[in-house]
Amino acid sequence: MSLHLNLFIYPGGHHEAAWRHPDTDISRVLDITYYQALARKAEGAKLDAIFFADGPSLADNIRYASRFRLEPLTWMSAIAAVTSRIGLIGTASTTYTEPYNLARQFASLDHLSNGRAGWNIVTTGAAGAAANFGLPEHPPHADRYARAEEYLEVVTRLWDSWEDEALVIDQDSGIFADTDRIHRVDHVGREFSVAGPLNLPRSPQGRPVYVQAGSSDDGRGFAARWAEAIFTAHQTLESAQEFYADIKERARGVGRDPGSVLVLPGISPVIAATEAEARTLHDRLNALTQPAYSLEVLHHTLGVDLSGHDLDGPVPAEALRLDGDRTASSRAQLVVDIVEREQPTIRQLMHRLAGARGHRVVVGTAEQVADQMQLWHESGAADGFNVMPPWLTGGFDRFVDGVLPILRERGLFRHEYDGTTLREHLGLERPPSLFAHPAPHQETA
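Residue positions are counted from 1 within each chain, in the order its sequence is given. Local features in this predicted model are restricted to residues whose pLDDT is 70 or higher, and side-chain atom pairs enter the listing and the counts only when it is 80 or higher, whereas totals over whole chains, interfaces and linings include all residues. Neither water nor hydrogens contribute to the side-chain values; these are computed over all heavy atoms in the structure.

Novice: Outline the environment of Glu409, listing residues and values.
Specialist: Segments assigned H or I by DSSP are reported as helices when at least four residues long, segments assigned E as strands when at least two residues long, and all are numbered from the N terminus. With respect to the element layout, Glu409 can be found in helix H12 (residues 394-409). Its relative accessible area of 74% is what places Glu409 among the exposed residues. Here the alpha-carbon distance between Glu409 and Arg144, two residues 265 residues apart in the chain, equals 44 Å. Only protein chains enter the calculation, and the probe is 1.4 Å; a residue is then buried if its accessible area is under 20% of its type maximum, exposed if over 50%, and partly exposed in between.

Right, here's the structure in full:
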(Lines give C-alpha, C1' and ligand atoms only; values in the text may rest on other atoms or scores of the structure.)
Protein backbone atom coordinates (compact mmCIF):
# COMPACT_ATOMS: atom_id res chain seq x y z
CA MET A 1 0.00 0.00 0.00
CA SER A 2 1.42 3.37 -0.98
CA LEU A 3 1.95 6.30 1.32
CA HIS A 4 -0.45 9.20 1.71
CA LEU A 5 1.36 12.54 1.72
CA ASN A 6 0.13 16.05 2.48
CA LEU A 7 1.98 19.34 2.33
CA PHE A 8 1.48 21.21 5.61
CA ILE A 9 1.97 24.89 4.74
CA TYR A 10 3.10 27.32 7.42
CA PRO A 11 4.01 30.93 6.51
CA GLY A 12 7.71 30.81 5.67
CA GLY A 13 8.15 27.22 6.85
CA HIS A 14 7.93 25.11 10.00
CA HIS A 15 11.22 25.88 11.68
CA GLU A 16 10.57 28.73 14.09
CA ALA A 17 13.45 30.68 12.52
CA ALA A 18 12.40 29.90 8.94
CA TRP A 19 11.39 33.50 8.29
CA ARG A 20 15.01 34.55 8.93
CA HIS A 21 16.49 31.99 6.51
CA PRO A 22 18.04 33.90 3.56
CA ASP A 23 16.26 31.69 1.01
CA THR A 24 12.80 32.33 2.48
CA ASP A 25 10.81 34.95 0.61
CA ILE A 26 9.09 36.16 3.77
CA SER A 27 7.75 39.26 2.07
CA ARG A 28 5.26 37.08 0.14
CA VAL A 29 3.50 35.36 3.06
CA LEU A 30 0.44 37.57 2.56
CA ASP A 31 0.50 37.11 -1.22
CA ILE A 32 -1.97 34.50 -2.48
CA THR A 33 0.15 33.78 -5.55
CA TYR A 34 2.87 32.45 -3.20
CA TYR A 35 0.48 29.84 -1.81
CA GLN A 36 -1.06 29.11 -5.19
CA ALA A 37 2.39 28.30 -6.56
CA LEU A 38 3.08 25.97 -3.62
CA ALA A 39 -0.25 24.23 -4.16
CA ARG A 40 0.39 23.78 -7.87
CA LYS A 41 3.80 22.29 -7.12
CA ALA A 42 2.23 19.89 -4.61
CA GLU A 43 -0.41 18.95 -7.18
CA GLY A 44 2.25 18.41 -9.81
CA ALA A 45 3.98 16.09 -7.35
CA LYS A 46 0.66 14.18 -6.95
CA LEU A 47 0.38 14.74 -3.21
CA ASP A 48 -2.95 13.91 -1.60
CA ALA A 49 -3.61 17.35 -0.15
CA ILE A 50 -2.32 20.62 1.16
CA PHE A 51 -3.10 21.42 4.76
CA PHE A 52 -3.50 24.77 6.48
CA ALA A 53 -3.55 25.27 10.25
CA ASP A 54 -5.49 27.91 12.13
CA GLY A 55 -6.25 29.33 15.55
CA PRO A 56 -8.73 32.07 16.53
CA SER A 57 -6.30 34.25 18.50
CA LEU A 58 -2.98 36.02 18.01
CA ALA A 59 0.08 34.13 19.21
CA ASP A 60 1.76 35.69 22.25
CA ASN A 61 5.16 35.45 20.57
CA ILE A 62 4.38 37.13 17.24
CA ARG A 63 7.27 39.55 17.97
CA TYR A 64 9.76 36.83 17.02
CA ALA A 65 8.06 34.61 14.43
CA SER A 66 5.68 34.58 11.45
CA ARG A 67 2.80 32.99 13.30
CA PHE A 68 -0.16 35.09 12.19
CA ARG A 69 -3.24 33.35 10.78
CA LEU A 70 -4.85 33.63 7.38
CA GLU A 71 -8.46 32.41 7.45
CA PRO A 72 -8.35 28.88 5.96
CA LEU A 73 -11.64 28.76 4.04
CA THR A 74 -10.87 32.00 2.24
CA TRP A 75 -7.37 30.70 1.56
CA MET A 76 -8.56 27.31 0.28
CA SER A 77 -11.12 28.91 -2.02
CA ALA A 78 -8.35 30.88 -3.70
CA ILE A 79 -6.30 27.69 -4.03
CA ALA A 80 -9.26 25.78 -5.47
CA ALA A 81 -9.50 28.30 -8.29
CA VAL A 82 -6.03 27.49 -9.65
CA THR A 83 -5.86 23.72 -9.01
CA SER A 84 -7.99 20.77 -10.08
CA ARG A 85 -6.94 17.61 -8.22
CA ILE A 86 -5.13 18.23 -4.95
CA GLY A 87 -7.13 18.00 -1.71
CA LEU A 88 -7.74 21.11 0.41
CA ILE A 89 -7.69 20.56 4.19
CA GLY A 90 -8.27 23.47 6.52
CA THR A 91 -8.66 23.87 10.27
CA ALA A 92 -11.79 25.09 12.04
CA SER A 93 -12.59 24.97 15.74
CA THR A 94 -15.63 23.25 17.24
CA THR A 95 -15.27 25.49 20.31
CA TYR A 96 -15.34 28.84 18.52
CA THR A 97 -17.63 28.26 15.51
CA GLU A 98 -21.25 27.20 15.02
CA PRO A 99 -22.25 23.99 13.18
CA TYR A 100 -24.65 25.47 10.63
CA ASN A 101 -22.24 28.13 9.38
CA LEU A 102 -19.35 25.69 9.20
CA ALA A 103 -21.46 23.07 7.42
CA ARG A 104 -22.37 25.65 4.76
CA GLN A 105 -18.79 26.84 4.33
CA PHE A 106 -17.18 23.42 3.92
CA ALA A 107 -20.01 22.07 1.76
CA SER A 108 -19.64 25.13 -0.48
CA LEU A 109 -15.89 24.52 -0.75
CA ASP A 110 -16.49 20.87 -1.60
CA HIS A 111 -18.91 21.87 -4.38
CA LEU A 112 -16.70 24.62 -5.79
CA SER A 113 -13.58 22.40 -5.74
CA ASN A 114 -15.40 19.38 -7.22
CA GLY A 115 -14.93 17.24 -4.14
CA ARG A 116 -11.58 18.18 -2.63
CA ALA A 117 -12.47 19.58 0.80
CA GLY A 118 -11.29 18.27 4.16
CA TRP A 119 -12.00 19.67 7.63
CA ASN A 120 -9.26 19.51 10.25
CA ILE A 121 -11.33 19.32 13.43
CA VAL A 122 -9.79 20.99 16.50
CA THR A 123 -11.19 22.01 19.88
CA THR A 124 -8.61 24.84 20.25
CA GLY A 125 -5.95 24.76 22.93
CA ALA A 126 -5.23 28.51 23.02
CA ALA A 127 -6.80 29.93 26.17
CA GLY A 128 -6.54 33.47 24.78
CA ALA A 129 -9.23 32.70 22.20
CA ALA A 130 -12.02 32.88 24.79
CA ALA A 131 -11.81 36.66 25.12
CA ASN A 132 -12.36 37.04 21.38
CA PHE A 133 -15.75 35.36 21.62
CA GLY A 134 -17.20 36.90 24.75
CA LEU A 135 -16.40 33.98 27.03
CA PRO A 136 -15.13 34.62 30.57
CA GLU A 137 -12.64 31.74 30.30
CA HIS A 138 -11.46 29.01 27.95
CA PRO A 139 -13.56 25.85 28.41
CA PRO A 140 -11.76 22.90 30.06
CA HIS A 141 -10.35 20.13 27.90
CA ALA A 142 -13.12 17.62 28.66
CA ASP A 143 -15.87 20.20 28.03
CA ARG A 144 -14.37 21.12 24.66
CA TYR A 145 -14.44 17.48 23.56
CA ALA A 146 -18.01 17.01 24.81
CA ARG A 147 -19.06 19.98 22.68
CA ALA A 148 -17.09 18.57 19.73
CA GLU A 149 -19.00 15.28 19.92
CA GLU A 150 -22.35 17.03 19.65
CA TYR A 151 -20.97 19.38 16.99
CA LEU A 152 -20.01 16.44 14.78
CA GLU A 153 -23.44 14.86 15.18
CA VAL A 154 -25.08 18.09 14.01
CA VAL A 155 -22.70 18.78 11.13
CA THR A 156 -22.96 15.22 9.83
CA ARG A 157 -26.75 15.36 9.76
CA LEU A 158 -26.65 18.75 8.05
CA TRP A 159 -24.33 17.47 5.33
CA ASP A 160 -26.61 14.45 4.90
CA SER A 161 -29.88 16.42 5.04
CA TRP A 162 -30.13 16.40 1.25
CA GLU A 163 -30.11 12.89 -0.15
CA ASP A 164 -27.99 12.39 -3.25
CA GLU A 165 -31.12 12.15 -5.44
CA ALA A 166 -32.75 15.28 -3.99
CA LEU A 167 -31.40 17.60 -6.68
CA VAL A 168 -33.53 16.79 -9.75
CA ILE A 169 -33.15 19.77 -12.15
CA ASP A 170 -35.77 18.44 -14.57
CA GLN A 171 -36.54 21.30 -16.95
CA ASP A 172 -39.34 19.41 -18.70
CA SER A 173 -41.33 18.67 -15.55
CA GLY A 174 -40.38 21.87 -13.81
CA ILE A 175 -39.15 19.99 -10.73
CA PHE A 176 -35.90 21.42 -9.44
CA ALA A 177 -35.61 19.40 -6.19
CA ASP A 178 -37.40 16.43 -4.65
CA THR A 179 -38.47 17.83 -1.29
CA ASP A 180 -39.31 14.34 -0.01
CA ARG A 181 -35.55 13.76 -0.04
CA ILE A 182 -34.64 16.94 1.85
CA HIS A 183 -34.80 16.37 5.60
CA ARG A 184 -34.98 18.47 8.72
CA VAL A 185 -32.32 17.84 11.35
CA ASP A 186 -34.31 19.01 14.39
CA HIS A 187 -31.39 18.66 16.77
CA VAL A 188 -31.84 19.88 20.32
CA GLY A 189 -28.95 19.15 22.64
CA ARG A 190 -26.86 20.54 25.46
CA GLU A 191 -24.82 22.83 23.20
CA PHE A 192 -26.85 23.31 20.03
CA SER A 193 -30.37 23.66 18.69
CA VAL A 194 -30.40 23.32 14.90
CA ALA A 195 -33.49 22.78 12.75
CA GLY A 196 -31.95 22.29 9.31
CA PRO A 197 -31.92 21.23 6.58
CA LEU A 198 -28.78 22.69 5.04
CA ASN A 199 -29.55 25.26 2.36
CA LEU A 200 -27.56 23.62 -0.42
CA PRO A 201 -27.42 20.10 -1.90
CA ARG A 202 -25.21 17.26 -0.73
CA SER A 203 -21.63 17.84 -1.83
CA PRO A 204 -19.57 15.73 -4.27
CA GLN A 205 -17.86 13.76 -1.50
CA GLY A 206 -21.10 13.34 0.45
CA ARG A 207 -19.26 14.89 3.35
CA PRO A 208 -15.89 16.66 3.38
CA VAL A 209 -13.17 14.39 4.77
CA TYR A 210 -13.04 14.40 8.58
CA VAL A 211 -9.48 15.10 9.73
CA GLN A 212 -8.46 15.35 13.38
CA ALA A 213 -5.32 16.47 15.16
CA GLY A 214 -5.60 15.53 18.85
CA SER A 215 -3.61 12.73 20.48
CA SER A 216 -4.74 12.97 24.11
CA ASP A 217 -6.95 10.22 25.51
CA ASP A 218 -10.04 12.31 24.76
CA GLY A 219 -8.63 13.05 21.31
CA ARG A 220 -8.01 9.38 20.59
CA GLY A 221 -11.54 8.42 21.56
CA PHE A 222 -12.94 11.22 19.43
CA ALA A 223 -10.74 10.22 16.48
CA ALA A 224 -11.79 6.58 16.70
CA ARG A 225 -15.44 7.62 16.39
CA TRP A 226 -15.17 10.37 13.79
CA ALA A 227 -11.79 10.85 12.10
CA GLU A 228 -10.90 9.56 8.67
CA ALA A 229 -7.36 10.95 8.79
CA ILE A 230 -5.39 11.83 11.92
CA PHE A 231 -2.46 14.25 12.13
CA THR A 232 -0.24 13.34 15.06
CA ALA A 233 3.20 14.12 16.51
CA HIS A 234 5.73 11.47 17.57
CA GLN A 235 9.44 11.55 18.25
CA THR A 236 10.13 7.81 18.30
CA LEU A 237 9.06 4.81 16.24
CA GLU A 238 7.84 3.07 19.39
CA SER A 239 5.56 5.97 20.33
CA ALA A 240 4.15 6.13 16.81
CA GLN A 241 3.54 2.37 16.76
CA GLU A 242 1.69 2.52 20.08
CA PHE A 243 -0.53 5.35 18.84
CA TYR A 244 -1.19 3.64 15.51
CA ALA A 245 -2.16 0.33 17.11
CA ASP A 246 -4.32 2.05 19.74
CA ILE A 247 -6.24 4.13 17.18
CA LYS A 248 -6.88 1.13 14.93
CA GLU A 249 -8.08 -0.96 17.88
CA ARG A 250 -10.34 1.85 19.16
CA ALA A 251 -11.83 2.24 15.68
CA ARG A 252 -12.50 -1.50 15.53
CA GLY A 253 -14.07 -1.29 18.98
CA VAL A 254 -16.71 1.19 17.81
CA GLY A 255 -17.53 -0.86 14.73
CA ARG A 256 -15.41 0.94 12.15
CA ASP A 257 -13.01 -0.54 9.62
CA PRO A 258 -9.52 0.33 10.96
CA GLY A 259 -8.36 0.80 7.39
CA SER A 260 -10.75 3.73 7.03
CA VAL A 261 -8.86 5.67 9.72
CA LEU A 262 -5.53 6.91 8.35
CA VAL A 263 -2.70 7.86 10.72
CA LEU A 264 -0.43 10.59 9.33
CA PRO A 265 2.41 11.71 11.63
CA GLY A 266 4.17 14.99 10.97
CA ILE A 267 7.68 14.88 9.53
CA SER A 268 9.97 17.86 8.95
CA PRO A 269 12.82 16.83 6.61
CA VAL A 270 16.05 18.83 6.59
CA ILE A 271 17.63 17.60 3.35
CA ALA A 272 21.06 18.11 1.77
CA ALA A 273 23.44 16.23 -0.50
CA THR A 274 25.26 14.69 2.49
CA GLU A 275 24.29 14.07 6.08
CA ALA A 276 27.02 16.46 7.24
CA GLU A 277 25.68 19.23 5.03
CA ALA A 278 22.17 18.59 6.31
CA ARG A 279 23.35 18.85 9.92
CA THR A 280 25.16 22.08 9.13
CA LEU A 281 21.96 23.47 7.59
CA HIS A 282 19.98 22.40 10.66
CA ASP A 283 22.52 24.00 13.00
CA ARG A 284 22.35 27.26 11.04
CA LEU A 285 18.56 27.31 11.33
CA ASN A 286 18.80 26.67 15.08
CA ALA A 287 21.34 29.47 15.42
CA LEU A 288 18.72 31.88 14.03
CA THR A 289 16.19 31.11 16.77
CA GLN A 290 15.26 33.77 19.30
CA PRO A 291 15.57 32.40 22.86
CA ALA A 292 12.71 34.61 24.03
CA TYR A 293 10.43 32.97 21.47
CA SER A 294 11.56 29.44 22.29
CA LEU A 295 11.11 30.04 26.02
CA GLU A 296 7.59 31.32 25.45
CA VAL A 297 6.77 28.13 23.51
CA LEU A 298 8.02 26.05 26.43
CA HIS A 299 6.09 28.23 28.87
CA HIS A 300 2.89 27.71 26.89
CA THR A 301 3.47 23.96 26.58
CA LEU A 302 4.65 23.12 30.09
CA GLY A 303 3.17 25.96 32.13
CA VAL A 304 6.55 26.84 33.65
CA ASP A 305 8.57 30.00 32.94
CA LEU A 306 12.20 28.96 32.38
CA SER A 307 13.48 32.42 31.40
CA GLY A 308 15.31 32.87 34.72
CA HIS A 309 17.26 29.63 34.37
CA ASP A 310 20.68 28.99 32.81
CA LEU A 311 19.91 27.98 29.23
CA ASP A 312 22.89 25.65 29.20
CA GLY A 313 21.79 24.00 32.43
CA PRO A 314 19.37 21.10 32.93
CA VAL A 315 15.60 21.37 32.56
CA PRO A 316 14.34 21.83 36.14
CA ALA A 317 12.16 19.17 37.72
CA GLU A 318 9.18 21.51 38.15
CA ALA A 319 8.89 21.77 34.35
CA LEU A 320 8.08 18.05 34.21
CA ARG A 321 5.14 18.15 36.63
CA LEU A 322 2.05 18.69 34.50
CA ASP A 323 -1.17 19.97 36.03
CA GLY A 324 -4.61 21.16 34.94
CA ASP A 325 -5.37 20.78 31.23
CA ARG A 326 -1.71 19.96 30.62
CA THR A 327 -2.19 16.53 32.19
CA ALA A 328 -4.40 15.75 29.17
CA SER A 329 -2.13 17.47 26.63
CA SER A 330 -0.36 15.02 24.33
CA ARG A 331 2.10 17.74 23.26
CA ALA A 332 3.10 18.54 26.86
CA GLN A 333 3.65 14.84 27.53
CA LEU A 334 5.75 14.58 24.36
CA VAL A 335 8.08 17.32 25.65
CA VAL A 336 8.32 15.66 29.07
CA ASP A 337 9.21 12.38 27.36
CA ILE A 338 12.01 14.08 25.39
CA VAL A 339 13.49 15.49 28.61
CA GLU A 340 13.28 12.19 30.47
CA ARG A 341 14.69 10.21 27.55
CA GLU A 342 17.48 12.54 26.38
CA GLN A 343 18.28 14.74 29.40
CA PRO A 344 18.88 17.86 27.26
CA THR A 345 19.85 21.30 28.50
CA ILE A 346 17.16 23.98 28.20
CA ARG A 347 18.86 25.33 25.06
CA GLN A 348 19.07 21.86 23.53
CA LEU A 349 15.40 21.30 24.28
CA MET A 350 14.50 24.60 22.65
CA HIS A 351 16.44 23.63 19.54
CA ARG A 352 14.89 20.18 19.65
CA LEU A 353 11.43 21.73 19.39
CA ALA A 354 12.31 24.62 17.07
CA GLY A 355 12.11 22.52 13.91
CA ALA A 356 8.46 21.49 14.04
CA ARG A 357 6.94 22.11 17.49
CA GLY A 358 7.27 18.52 18.61
CA HIS A 359 6.85 16.77 15.27
CA ARG A 360 9.73 14.58 14.14
CA VAL A 361 12.63 16.29 12.41
CA VAL A 362 14.73 14.06 10.13
CA VAL A 363 18.13 15.49 9.18
CA GLY A 364 20.01 13.83 6.34
CA THR A 365 20.08 12.98 2.65
CA ALA A 366 16.99 12.40 0.55
CA GLU A 367 17.63 8.67 0.75
CA GLN A 368 17.89 8.76 4.55
CA VAL A 369 14.58 10.63 4.76
CA ALA A 370 12.97 8.09 2.42
CA ASP A 371 14.41 5.25 4.53
CA GLN A 372 12.81 6.64 7.69
CA MET A 373 9.45 7.13 6.00
CA GLN A 374 9.53 3.60 4.65
CA LEU A 375 10.54 2.19 8.04
CA TRP A 376 7.67 3.88 9.84
CA HIS A 377 5.19 2.88 7.14
CA GLU A 378 6.24 -0.76 7.08
CA SER A 379 6.56 -1.01 10.89
CA GLY A 380 2.94 -0.19 11.69
CA ALA A 381 3.52 3.44 12.65
CA ALA A 382 2.11 5.47 9.74
CA ASP A 383 -0.23 5.26 6.76
CA GLY A 384 1.51 8.35 5.42
CA PHE A 385 2.89 11.69 6.55
CA ASN A 386 2.08 15.34 6.90
CA VAL A 387 5.20 16.82 5.29
CA MET A 388 6.36 19.96 7.14
CA PRO A 389 9.19 21.70 5.20
CA PRO A 390 11.54 23.56 7.56
CA TRP A 391 11.56 26.57 5.24
CA LEU A 392 9.68 27.51 2.08
CA THR A 393 9.89 27.10 -0.70
CA GLY A 394 13.33 25.50 -0.82
CA GLY A 395 12.67 22.89 1.86
CA PHE A 396 9.70 21.59 -0.11
CA ASP A 397 11.60 21.68 -3.39
CA ARG A 398 14.26 19.40 -1.90
CA PHE A 399 11.58 16.94 -0.75
CA VAL A 400 9.83 16.85 -4.13
CA ASP A 401 13.02 16.65 -6.18
CA GLY A 402 14.94 14.31 -3.88
CA VAL A 403 12.66 12.14 -1.73
CA LEU A 404 9.63 11.54 -3.96
CA PRO A 405 11.59 9.89 -6.82
CA ILE A 406 13.07 7.43 -4.31
CA LEU A 407 9.66 6.63 -2.82
CA ARG A 408 8.25 6.09 -6.31
CA GLU A 409 11.16 3.85 -7.28
CA ARG A 410 10.39 1.72 -4.21
CA GLY A 411 6.69 1.53 -5.09
CA LEU A 412 5.70 3.61 -2.10
CA PHE A 413 4.07 6.59 -3.80
CA ARG A 414 1.87 7.20 -6.82
CA HIS A 415 3.04 8.42 -10.19
CA GLU A 416 -0.40 9.77 -11.15
CA TYR A 417 -3.71 10.46 -9.46
CA ASP A 418 -6.24 7.64 -9.78
CA GLY A 419 -9.24 9.80 -8.88
CA THR A 420 -10.36 13.39 -8.65
CA THR A 421 -11.65 13.78 -5.07
CA LEU A 422 -9.79 13.87 -1.78
CA ARG A 423 -11.67 10.75 -0.67
CA GLU A 424 -10.43 8.94 -3.76
CA HIS A 425 -6.85 10.06 -3.12
CA LEU A 426 -7.06 8.73 0.45
CA GLY A 427 -8.81 5.49 -0.51
CA LEU A 428 -11.91 6.41 1.49
CA GLU A 429 -15.46 5.45 0.54
CA ARG A 430 -18.11 8.06 -0.14
CA PRO A 431 -20.52 7.74 2.79
CA PRO A 432 -24.23 7.32 2.14
CA SER A 433 -26.61 9.89 3.59
CA LEU A 434 -28.02 9.04 7.01
CA PHE A 435 -31.41 9.89 5.49
CA ALA A 436 -31.03 7.71 2.39
CA HIS A 437 -33.86 5.38 3.49
CA PRO A 438 -36.00 7.41 5.88
CA ALA A 439 -38.47 5.66 8.13
CA PRO A 440 -42.15 6.45 7.38
CA HIS A 441 -42.49 8.71 10.42
CA GLN A 442 -39.38 10.74 9.58
CA GLU A 443 -40.26 14.38 8.93
CA THR A 444 -39.18 15.94 5.65
CA ALA A 445 -38.70 19.56 4.71
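Novice: Please set out the nonpolar core residue by residue, giving values where relevant.
Specialist: In terms of nonpolar packing, the biggest core is built from 71 residues, with Leu5, Leu47, Ile50, Trp119, Trp159, Met373 and Leu407 touching the most fellow members. Residue contributions to this core peak at eight residues, all from helix H4 (residues 141-160). Whether two residues are in contact is decided by their heavy atoms, any of which lying within 4.5 Å being enough. With sequence-adjacent residues up to four places away left out, Trp159 is seen in contact with Leu102, Ala103, Phe106, Ala107, Trp119, Leu198, Arg202, Gly206, Arg207, Pro208 and Tyr210. If you look at the next biggest cluster of nonpolar residues, it comprises 20 residues, including Val304, Leu306, Ala319 and Ala332. Residues belong to a common nonpolar core when they are buried Ala, Val, Leu, Ile, Met, Phe, Trp, Tyr or Cys residues joined through side-chain atoms within 4.5 Å.

Novice: Now, about a nonpolar patch on the surface: what can you tell me, with residues and values included?
Specialist: A surface patch of nonpolar side chains, about 290 Å² in accessible area, is lined by Leu167, Ile169 and Phe176. Structurally, the position occupied by Phe176 is in strand S6 (residues 175-177). Residue Phe176 is classed as exposed on the basis of its relative accessible area, which comes to 54%. Every patch collects residues that have over 30% relative accessible area and no salt bridge, joining them within 9 Å if they carry like charges and within 5 Å if they are nonpolar side chains (Val, Leu, Ile, Met, Phe, Trp, Tyr). For the accessible areas, the method is Shrake-Rupley and the probe is 1.4 Å, while residue cover comes only from the protein chains on display. We define a salt bridge as a contact between a side-chain nitrogen of Lys or Arg and a carboxyl oxygen of Asp or Glu at a distance within 4 Å.

Novice: Go over the side chain of Arg256, please, and point to the residues and values.
Specialist: Checked against the element boundaries, Arg256 lands in the loop between helix H6 (237-253) and strand S11 (262-271). Polar contact is the term for a pair of N or O atoms within 3.5 Å; when the atoms are in protein, one must be able to donate a hydrogen and the other to accept it, and sequence-neighboring residues count only if both atoms are side-chain atoms. Only 3.4 Å separates the side chain of Arg256 from the backbone oxygen of Ala223, close enough to count as a polar contact. Those residues in contact with Arg256, other than ones at most four positions away along the chain, are Ala223, Ala224, Arg225, Trp226, Ala227, Glu228, Ala251 and Val261.

Novice: Residues and numbers for the packing of aromatic side chains, please.
Specialist: Think of it this way: a Phe, Tyr or Trp ring, Trp meaning its six-membered ring, pairs with another when their centres are within 6.5 Å, and the plane angle makes it stacked under 30 degrees, edge-to-face over 60, tilted otherwise. Under the definition given, this model contains 15 aromatic pairs. Ring centres of Phe106 and Trp119 lie 6.1 Å apart, and the angle between their planes is 40°; this geometry places the pair in the tilted category. With Phe106 in helix H3 (residues 99-112) and Trp119 in strand S4 (residues 117-122), this residue pair connects regions lying 13 residues apart in the sequence. Measuring from ring centre to ring centre gives 5.8 Å for Trp119 and Tyr151, while their planes differ by 45°; the resulting arrangement is tilted. Of this pair, Trp119 sits in strand S4 while Tyr151 sits in helix H4, placing them 32 residues apart in sequence. Across the pair, Tyr151 and Trp119 agree in class, each one buried. Taken together, the ring pairs in this structure connect Phe106, Trp119, Tyr151, Trp159, Phe192 and Tyr210 into an aromatic cluster.

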